[in-house]
Structure formats: structure tokens, C-alpha cells
Amino acid sequence: MGEMHRFRLSTEALANASFALSPLQETVLGLRLWTHQHGYPEQTPWAEVLRPSFERLPGAPLLVSLVGPNRYVPDFLTPRPTTPQPDFHAELAVARALPPEQLAAELGAAHLQHAPELPPLLARGLAEDPAELLVRITDALEQYWERCVAPLWWPRARPVLQADLVHRSRIFAERGAAALFADLDQRLEYADGVLTIHRDWGDQDADITVAARGLVFTPTCFARGAVTSISPDYPPSIVYPARGQGTMSPVPQPPPAPAALELLLGAPKARLLTLLAEPASTTELAARLGVTPGAVSQHLAVLHATRLVTRTRRGRLVLYARSGLADELLGQRPGDDPPLPPGS
């Protein structure tokens, strides 16, 4: 039987809806790369990049045990972001603050709907000392972030997630809530002020009045469709698959620029415009082209001055995107969203 989560959205709730990205969420959901790798083909190449560092972590077996048979992870490890770009350690502090007596229920909710018992590492830790197990789990996540995710994966993932937020925010502002929800994921249905997530597992529905709490949307690289927390008692949030993941391959191959565009602008600027099918930062563009950020900045300054790219600031990050004029040069109709890169 399918399961439905219904979010009842008043005018106030829609006004308080927001977008955020979460480094802790991506660290936790990213553990699925080690348990269900084939479910995330865009991220599969990163498994080989991260594996040597991951396998050296003392807490690696414990981290793998956190992912349930059906990809569930405990709700308390993915708290709803309270700011658009929260700090990893601030989010982890929220997880660390879980009362130890609630840990068994949290782990059980992630595992026991689809398995007869908890993984041995978790079951033994709960039996011996739940408070100590909580410390071990959160310490292991901190090490995973600091040794694997932050230095290797996050610099490539963050611009993709940021670009997704820009895209969704633009749809919300220009076309409204119904268009946004239709664009997010096919599991979502919006009618008469009710946003419903249809899921093909489980047998319990949830009916949640959002009201002034607002609904927070966070993109991820590790979901096959829109999902929400296991428990309806958590603050309302929806996690959905991010666009543009095909651009974050560990060894990116920039698409070729049209020959006529190279003759008009020169090869470097033409390649930049071709890469900007999705908004990207200077650092991301430099990594994909194999050049210095300074060189990219110089070309972007010229493209911006000639109205071929636009700039959008999100916090400390500046994202560049092709303008309508640039889309015309590349043969797109003005106003169309740029096509997704292959594999995204």
C-alpha cells in the first residue's frame, strides 16, 4: 500500500516557505553511497575517490550501520536547517543534543519497518550505553565530514546545490507554488492548498498542518525522489533530488563550444558560456576548465559587462548564469531554462 504525507499549506505557510542547503544532511544521506551505491549513478564515481579515506575511518562500520535496508536514516541526524546555509558543526550540535533515551526509537524508526532487528553495532551500543553510542555516532560523522566530505566532495557539490536553489527560487518567485512543486519531483501533488508526497512503501499516512512553522525545501544528491522525515513530529521539510549533478564528476569534461561562438568571443569565453547551462561559481568553473579562478574571473567580468552572463549572490557565494542574450547566441529560445547536462 502506498503512503502519503499531506502538508496543509495556508497563505501564511506558503509565505514562510524557504530553501536551504544542509552540509550535515548531505553527509548523512551520502552514507547511502556505501550501502546502495547503484541508486545514485551520478555520484558513483565519487565512491572511488572517497573510498580510501572512508575505509581508514575508525567509525566507518558504525556509519554504514546507520542506513536502513530501505535507505532510511534516523531523523535526528538530518535536522531541518534553520538558516539558508548552516554550518556543519552547528547542525551536528543539534544532533548531539538528542536525549539519549530517545536514541532507540530514532534508530528503530529507520530500521525496524524493513528489518527484524537493528544492526549488531547499534543493538549492542544501545544495550550497553545509549549516551555513549550517541557520542560515537556523532563523532564518527564529524570525522567523516572533516576527512572525506569537506575536503573532497563538498567543494564540488555545494555549487550544484546552490545553483539548484537559485533555479527553484526563481520558479517560486516568477510562477508560484504550483509550478514550483510540479518542477521539484513527480512524487509531489499540489491541490487546494495541500501538498502531498506519494510514496510506494509504508502503510501509514501523515497529515501535517504547516501554519507559521513554514516548509523548508533542501536539495540533495542522494535521493531518488522527494521525501520527508520519517516522523511527522519533526518540523515540516521536504528533501528533493538536486538538478545538475552530472556537472560534478570528479574528472569533468567541459562540453565543446560551437565553432561560430569561439570565432566571435574567443575559445575561453565561449567555453565558459557553454558551461553555464547551470549557474556556477568562479571556483567551480575554474575546476572544470583546469585553470585558475583569477583567469575565470577576468573572462566573466568581460561577459558580465557585455550582458552575456548574470550574477546572483547567495550569502558569500556568487553564482554566474547565462543571460537571455547568451542563450540566443547558443540557439536557445529566450526565457527557456537551460537544458540539463547529460546524465543529470
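All values derive from a computational prediction rather than experimental measurement.

Enquirer: In this structure, what is going on with the overall build of the protein? I would like to understand it.
Expert: Broken down by element type, the protein carries 15 helices and 9 strands. Scaling as 2.2 N^0.38, a compact globule of 344 residues should have a C-alpha radius of gyration of about 20 Å, and the protein matches this with 21 Å. C-alpha extents for the protein along the principal axes are approximately 70 × 50 × 35 Å. Counting across all 344 residues of the protein, residues that qualify as buried make up 51%. The long-range fraction of contacts in the protein, counting pairs at least 24 apart against all pairs at least 6 apart in sequence, stands at 72%. For the protein, the exposed surface amounts to about 15,500 Å²; the carbon and sulfur share of it is 54%.

Enquirer: Even after reading the chapter, I still don't get the confidence of the model for the protein, so can you show me in this structure?
Expert: Detailed reading of the predicted coordinates is not advisable wherever pLDDT falls low. When pLDDT is averaged across the protein, the result is 88; 92% of the residues are at 70 or more. For the stretch residues 333-344, pLDDT sits under 50, and the model shows 25 contacts to residues farther than four places along the chain or on other chains.

Enquirer: What is the right way to look at helix 4 (residues 44-55) in this model?
Expert: The periodicity of an α-helix, 3.6 residues per turn, causes residues three or four places apart in sequence to face the same way. Here helix 4 contains 12 residues, and its C-alpha end-to-end distance of 16 Å stays within 8% of the 16 Å for a straight helix at 1.5 Å per residue. Within the span of helix 4, buried status applies to Trp46, Ala47, Leu50, Ser53 and Phe54. The buried residues of helix 4 occupy an angular sector of 135° when projected down its axis, which confines them to one face. Across helix 4 from its buried face, at more than 90 degrees, point the exposed residues Glu48 and Glu55.

Enquirer: Help me understand helix 8 (residues 120-128) in this model?
Expert: Taken as a whole, helix 8 has its buried residues at Leu122, Gly125 and Leu126. Angularly, the buried residues of helix 8 cover 100° about the axis, an arc narrow enough to put them on a single face. Along helix 8, exposed side chains directed more than 90 degrees from the buried face belong to Pro120, Ala127 and Glu128. Summarising the contacts, the buried residues of helix 8 are in contact with helix 5 (60-65), helix 7 (103-111) and helix 9 (130-175).

The rules behind the values
Sequence order as written defines residue numbering, which begins from 1 separately in each chain. Local features are withheld for residues below a pLDDT of 70 in this predicted model, meaning they are given only at 70 or higher, and side-chain atom pairs are given and counted only at 80 or more; totals for whole chains, interfaces and linings count all residues. The side-chain quantities take in all heavy atoms of the structure and omit both hydrogens and water. The helix count covers DSSP runs of H or I at least four residues long, the strand count covers runs of E at least two residues long, and both are numbered beginning at the N terminus. Only the C-alpha atoms count toward the radius of gyration. The rule for a globule is 2.2 Å times the residue count to the power 0.38. Only protein chains enter the area calculation, which uses a 1.4 Å probe; residues under 20% of their type maximum are buried, those over 50% are exposed, and those in between are partly exposed. By definition, residues are in contact when any of their heavy atoms lie within 4.5 Å. Only the protein chains shown count as cover for residues, and all accessible areas are computed by the Shrake-Rupley method using a 1.4 Å probe. By definition, pLDDT measures how confident the predictor is in each residue, and it falls between 0 and 100. What a helix is expected to span follows from its residue count: subtract one and scale by 1.5 Å. Taking the helix axis as origin, the arc is that swept by the directions to the C-beta atoms.

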